[in-house]
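Tertiary structure, described
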Amino acid sequence: MTTLNYPVLALRGLTVFPELTLSFDVEREISIFALDCAMESDREIFLVTQREMSVAAPKEEDLYEIGTVCRILQIIKTSETTVRVIVEGLQRARLHRLWQNKPFLQANVELLEEDFPGRLTTKVEALLRQTYAIIGEYQSLVPNLSEDLVATVLDDRDPGHLADYLAQNMTLRHADRQRILEQLHPVKRLQLINEILTHEVDVISLEIEMERKVRERVARVQKDMILREQVKVLQHELGDDGDEEIAEYTQKVQALKLSEEVEKKLLKEIDRLAKQPFGSAEASVIRNYLDVCLEMPWNKQTRDRADVEKAKAILDRDHFGLDKVKERILEFIAVRQINPDAKGKILCLVGPPGVGKTSIAISVAKAMNRKLSRLSLGGVRDEADIRGHRKTYIGAMPGRIIDALIRAKSMNALLVLDEIDKLASDMRGDPASALLEVLDSEQNDSFRDHFLEIPVDLSRVMFITTANTTHTIPKPLLDRMEVIELSSYTDEEKLEIAKRHLLPKQLKEHGLKKSQLQITDGALRTIITGYTHESGVRVLERQLGKLCRKAAMQLVSGDVKRITITDSSLKEMLGIVRYQENVHSTEDEVGVVNGLAWTESGGEILQVEANVMDGSGKLELTGNLGTVMQESVKAALSCLRSRAESLGIEKDFYKTKDIHVHFPEGAIPKDGPSAGVAITLAILSALTSRKVRCDVAMTGEVTLRGRVLPIGGLKEKTMAALRNGVRTVIIPKDNEKDLEEIDQTVRKALHFVPVSTVDAVFSTALVQPLDSAHAVEHMTNLVIEPGQNRGSLRV
């Protein structure tokens, strides 16, 4: 292999072939220096094409390997920085090493010989005829093709030269020209140019067909336009200008760039409107339908806030506590930050009234930078309220979901469905069933309102529903939502909420300044415990509003400029204390047990009283008890009968004694199994005359075998115990894991005793007489439960 040294000129978008002449302009300094070097020697230079046209200072890796050694025929200076060069290709060559980059390119180049001398065989003749046919077809498609070029092609019988000539003179991509240059076999080179030209003929045929169709369509549109203009002139002469309205509707629909199905439906309705006679009732119905459809925020979305820290700051600023809700919302924002195309979520916030379910939903909208729309579903009993009415009815309108989107003016709004647990149903349908499609992220991407009758994509909408309880929500609907429970506020949480949010809000509403009214922490605590009895903070806010009104009256009517409300001055402002702490008994008594109950407004102490009298074995139950609670009393009685001997009870007590179990506050309905252990202990205490500790409260369902089963509402019940001065709480062993979710303030203030049998309940809660043989025997067999200590027992 022999290599020669040549100056190199890098071409951008051009390829030179042997035995052919090419002219081009040169303006790069390294290229002009290369030309000067060639002119000073034998006028020969190596021309090779760049891989990328944008490279200004090419290196060896930026150049193709195969190029052409050319002879410079003429150089003409066209400007101060540009020259025009005419070269003649001599021979193909391979670039071996580019050993100089400045002031011009120089390389070692190997001259290449063709693999085949070009004998005219039958196969070559067939290829030549194929080439002539392709050129003829190409000429029919491109009329401005040079006649000289076609004549030269038809006269050329050398397959290699013919391929090179076509590649240089036809409009091809430089990559295709380079492929032909790199092919050293003449026959294969001709086959390659035939393939490339055949592809070009196909592309040009397709372009011509597309252009023909476009011209036909434009001609048809122009014809329609002319006819419509003529019709407009005639209608104008007749005094009918309805086409302006039709044109306006059509323009608005086309400007929205809707899906094909939706646009076709709306244009069909516009066409129907155009055919309606003047003043027809149907025209009014269609206009109303089109107006509603055009009010929809098609393709309008707000940009979600992708910053988790900013969203967290907004949530923390607007609400104190509610950590579970905040954590779930921040997780959703984090997912949207990673995957912007994630579907909207359906959250259900369940909790007692006044704990901030609706207000946290509003804060979520702010945190996510979404438009908000709120729907109150309380008392809704008509399916049409959700799905809308058929537009054929008089006064028809879309459903509440579509109406909410129109009000929000965004297709990725946050919709708050308030009081979803208070949906009703009657002969007009079940609205809860209509919500099944709305709240299913797998199928709500094509929700069809009865009024619109076109698919609406709700998959980008985020739904937040609120409820006080899940018991009245149908199971299929509940299954579609992610339930987040909001429990009652502790007294410390209420104090912080009052200081941070409620009091500043009331001061602003009443026109007071912070310097004019001061309320001490002690006064706020007294208001929380003595003047409110709720899970949320609504009554607390009303009491603070009352204080602001009283303060405003004093500021206006007297010379006082500043009012400070303390614990001692509350009675003068708010009246007598309404709720007393420690409502349970403060002395150890026989047959009186502190149970714990859950209500929609939080937890409460529920005392259980039992009396035993001589009689014939009657069981009396009072206190407005439900069926489940009545069965709990019977289960407790059977449990004690099976253990009568070990507990020191007469074996025939169920025949000789009448037992009366009573739950105070008889006007309030009571039900549920969680008072089982309290009922069992009250009856045992009454039968054995053993006193029950007054500082102990308990909850748990009891079985016939004496096992204590888990219960719900532990957080609310433990807060009720703390609020009422109880310090020891007996809970089922299986509920021990739920203590992790209880507020730290409550956990530190209370001593929890997890139990798995009623024996542990008796050992913890009963005040054992010192001279009782049964007490000694029972203490001998006592098993200390995990989490229990002997300091909680009084013997």
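You'll find the structure just up there.
Below, the structure is looked at part by part. (Residues numbered from 1 in each chain as written. Predicted model: local features only at pLDDT ≥ 70, side-chain atom pairs only at ≥ 80, totals over all residues. Heavy atoms only, no water.)

1. Observations regarding the overall build of the protein chain
For the protein chain, the helix and strand inventory stands at 28 helices and 27 strands. Its C-alpha atoms give the protein chain a radius of gyration of 46 Å, more than 25% over the compact-globule value 28 Å for 795 residues. Principal-axis analysis of the C-alpha atoms places the extent of the protein chain at approximately 135 × 85 × 70 Å. Charged side chains of the protein chain number 107 positive and 121 negative; the gap between the two group centres comes to 5 Å. (Helix = DSSP H or I, 4+ residues; strand = E, 2+ residues; numbered from the N terminus. Rg over C-alpha atoms; globule rule 2.2 N^0.38 Å. Lys, Arg positive; Asp, Glu negative; His and termini not counted. Charge placed at Lys NZ, Arg CZ, Asp CG, Glu CD.)

2. Comments concerning the side chain of Ser 569
Mapped onto the secondary structure, Ser 569 falls in the loop between strand 15 (563-565) and helix 20 (570-574). Relative accessible area serves as the criterion here: at 19%, Ser 569 is assigned to the buried category. Only 2.9 Å separates the side chain of Ser 569 from the backbone nitrogen of Thr 566, close enough to count as a polar contact. (Buried < 20%, exposed > 50% of the residue type's maximum accessible area, 1.4 Å probe, protein only. Polar contact = N/O pair within 3.5 Å; in protein donor to acceptor, adjacent residues only side chain to side chain.)

3. A word on the sheet that holds strand 7 (residues 346-350)
Spatially, the five strands line up as an open sheet ordered 8-9-12-7-13, and their pairing is parallel. Two strands lie at the open edges of the sheet, namely strand 8 (372-376) and strand 13 (482-485), each paired on one side alone. Across the sheet, the mean angle separating the axes of adjacent strands is 20° when strand polarity is ignored. Relative to strand 13, helix 11 (residues 323-338) is tilted by about 145°, and along the sheet it contacts strand 7, strand 12 (462-467) and strand 13. Running over the sheet, helix 14 (residues 400-408) touches strand 8 and strand 9 (414-418) and is turned about 150° from strand 8. (Pairing = 2+ DSSP bridges. Axes fitted to C-alpha atoms, helices over the stretch in contact; angles between N-to-C directions. Contact = heavy atoms within 4.5 Å.)

4. Some thoughts on the pattern of salt bridges
Across all of its chains, the model carries 38 salt bridges by this definition. Residues Lys 505 and Glu 541 are paired through a salt bridge, measuring 3.2 Å at the closest nitrogen-oxygen approach. With Lys 505 in helix 17 (residues 491-509) and Glu 541 in helix 19 (residues 538-557), the pair connects residues that are 36 residues apart, well separated along the chain. Assessed through its relative accessible area of 41%, Lys 505 is described here as partly exposed. Under the relative-accessibility criterion, Glu 541 is labelled buried at 17%. Between Lys 651 and Glu 645 there is a salt bridge, with its nearest N and O atoms 3.9 Å apart. As far as the burial class goes, Lys 651 and Glu 645 line up, both exposed. Salt bridges sharing partners connect three or more residues here, namely Lys 265, Glu 269, Arg 272, Glu 282 and Glu 453. (Salt bridge = Lys/Arg side-chain N within 4 Å of Asp/Glu carboxyl O.)

5. Notes on the packing of aromatic side chains
Tallying each qualifying case throughout the model produces two aromatic pairs. Seen in terms of ring centroids, Tyr 289 and Phe 451 are 5.9 Å apart; in terms of plane orientation they differ by 50°. Their pairing is tilted. In this pair, Tyr 289 sits in helix 9 (residues 281-295) while Phe 451 sits in the loop between strand 10 (447-448) and strand 11 (455-456), placing the two residues 162 residues apart along the sequence. Between the aromatic rings of Phe 653 and Tyr 654, the centroid separation amounts to 6.1 Å while the plane-to-plane angle is 85°, which identifies the pairing as edge-to-face. Assessed through its relative accessible area of 30%, Tyr 654 is described here as partly exposed. Across the ring face of Tyr 654, the terminal group of Arg 641 is positioned such that the distance to the ring centre comes to 3.5 Å. (Phe/Tyr/Trp six-rings, centres within 6.5 Å; stacked < 30°, edge-to-face > 60°. Lys NZ or Arg CZ within 6 Å of the ring centre and 35° of its normal.)

These results come straight from atomic positions and should not be treated as a statement about function.
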